[in-house]
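Descriptive analysis of the structure
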Amino acid sequence: MDTPSSIPMTQALKFWFKLGLISFGGPAGQIAIMHQELVERRHWISERRFLHALNYCMLLPGPEAQQLATYLGWLMHRTWGGVIAGLLFVLPSLLLLIALSAIYMSFGDAPALAALLYGIKPAVTAIVLQAAHRIGSKTLKNPLLCTIALASFLAIFALNLPFPWIVLLAAIIGFVGQRLRPHDFQLASGHASTHRSTVRAIIDDDTPAPAHASFRWSRLAVVLTVGMGLWLIPMGLLTALLGWQHTLTQMSWFFTTAALMTFGGAYAVLPYVYQGAVTHYGWLSPRQMMDGLALGESTPGPLIMVVAFVAFVGGYQHAALGSDALLMGGVVAACLVTWFTFLPSFIFILAGAPLVESTRDNLNLSAPLTAITAAVVGVIVNLALFFAYHTWWPQGWSGTVDLVSVSLTALALIALFYFKRSVMEVLAGSAILGGAFYLF
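**Focus: the packing of aromatic side chains**
All told, the structure shown has 21 aromatic pairs when counted by the stated rule. Geometrically, the ring pair formed by F254 and W283 is edge-to-face, given 5.8 Å between the ring centres and 75° between the ring planes. Of the two residues, F254 is situated in helix α9 (residues 247-259) and W283 in the loop between α10 (266-280) and α11 (286-297); the sequence distance between them amounts to 29 residues. Geometrically, the ring pair formed by F255 and W283 is stacked, given 6.2 Å between the ring centres and 20° between the ring planes. On the criterion of sequence distance, the pair formed by F255 in helix α9 and W283 in the loop between α10 and α11 is long-range, its members being 28 residues apart. Both residues of the pair, F255 and W283, count as buried. Members of the aromatic cluster, each reached through a chain of ring pairs, are F254, F255, Y272, Y281 and W283. The ring of W44 carries R42 above its face, with NZ or CZ at 5.1 Å from the centroid.

Written out as structure tokens, the structure reads:
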């Protein structure tokens, strides 16, 4: 095998499988685990090569942690290494969410599950607010970017402007702004690190790029052709066998577009998923969307895997495979949506990584990305308000305020911001306190 190192494939497989099982804490936590294991402990890849790969993944729509795993797997062990790394990052989460979704739809009113979700949802509101603060503190460095964030918030909150339009307008502002006011759009990588090991990495700064990392137009054409085929064949079969208006076909198309809108992480695209899945298609209710995010936050893998729950509930409630196969309809919907959500990420990495490796330090697409990230802050604030409303006023404005949920959200914010506790610790603590109150 033509690899740039002596990293055994069996060891890499064990690591990627382990990562898929322990990757809690969102993209920041997942990237931190990869950095600690691959750069600091195992010395498989140097700090600079790791950050170079990450900076490319940050420019792409889609889950950056999963894309980074795919990129590093590809760099170490060619195409199949990247495919396996990306799949193992997602597969445990998919299987777990399918099982939890089946339990939810079959026993959603069971006291134990209801108590668990009651405790988790206030913590989710706090986690989304923390995400807005984390991204905003790294991005909103000047009045212009703050204005973009505010305009984005008003566009989606007051005008209900679709998320793709917000992304497009922000990218245009960034593209024009880098020529008129370039200094306002210069943004350092949010994941930069000062760590530099004294031990040489197997793939070090000066390690020559492997043969498979050389950019070739013929290879790019093959990757794009295969990628389009992997999208067109299942989409064509769904359309031919079930029709364009069928639930499974519409889900596959909708989540393909959602995958291309995931700039800034899952929190940024969730409003788009809500607009489509809840408001437009009616695949699930606002309460079920909140429950799905609570389950997604408490399982490993990228948070965008919440789309598996959305699809399962939609396929189940809309009897995608008939009224006598509700659970199977949910399972098929979840698998299809996961396929169409993550396929673009694999194509982006396998098609673009050779070009990135051959043009290190020359990638300059930061201004549109910076503007999009600023807009994402406003969108995430809107998402936090949406979750707070449905958590604190479960019966709507006409009902009473759930003071327990408000208190749990406040405690979760204190734990996250002041005591710097991890997402999993906050979720566990909120689940215990809220669940105990709900039951007793």
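Having seen the structure, we can now continue with the description.
**Considering the environment of G429**
Checked against the element boundaries, G429 lands in helix α16 (residues 423-439). By relative accessible area, which is 29% here, G429 ends up partly exposed.

**Here's the deal with the environment of G396**
The topology assignment puts G396 in the loop between α14 (366-392) and α15 (403-417). Given the relative accessible area of 12%, G396 is considered buried. In this structure, the C-alpha to C-alpha distance between G396 and V199, residues 197 residues apart in sequence, is 58 Å.

Conventions adopted
- Residues numbered from 1 in each chain as written.
- Predicted model: local features only at pLDDT ≥ 70, side-chain atom pairs only at ≥ 80, totals over all residues.
- Heavy atoms only, no water.
- Phe/Tyr/Trp six-rings, centres within 6.5 Å; stacked < 30°, edge-to-face > 60°.
- Helix = DSSP H or I, 4+ residues; strand = E, 2+ residues; numbered from the N terminus.
- Buried < 20%, exposed > 50% of the residue type's maximum accessible area, 1.4 Å probe, protein only.
- Lys NZ or Arg CZ within 6 Å of the ring centre and 35° of its normal.

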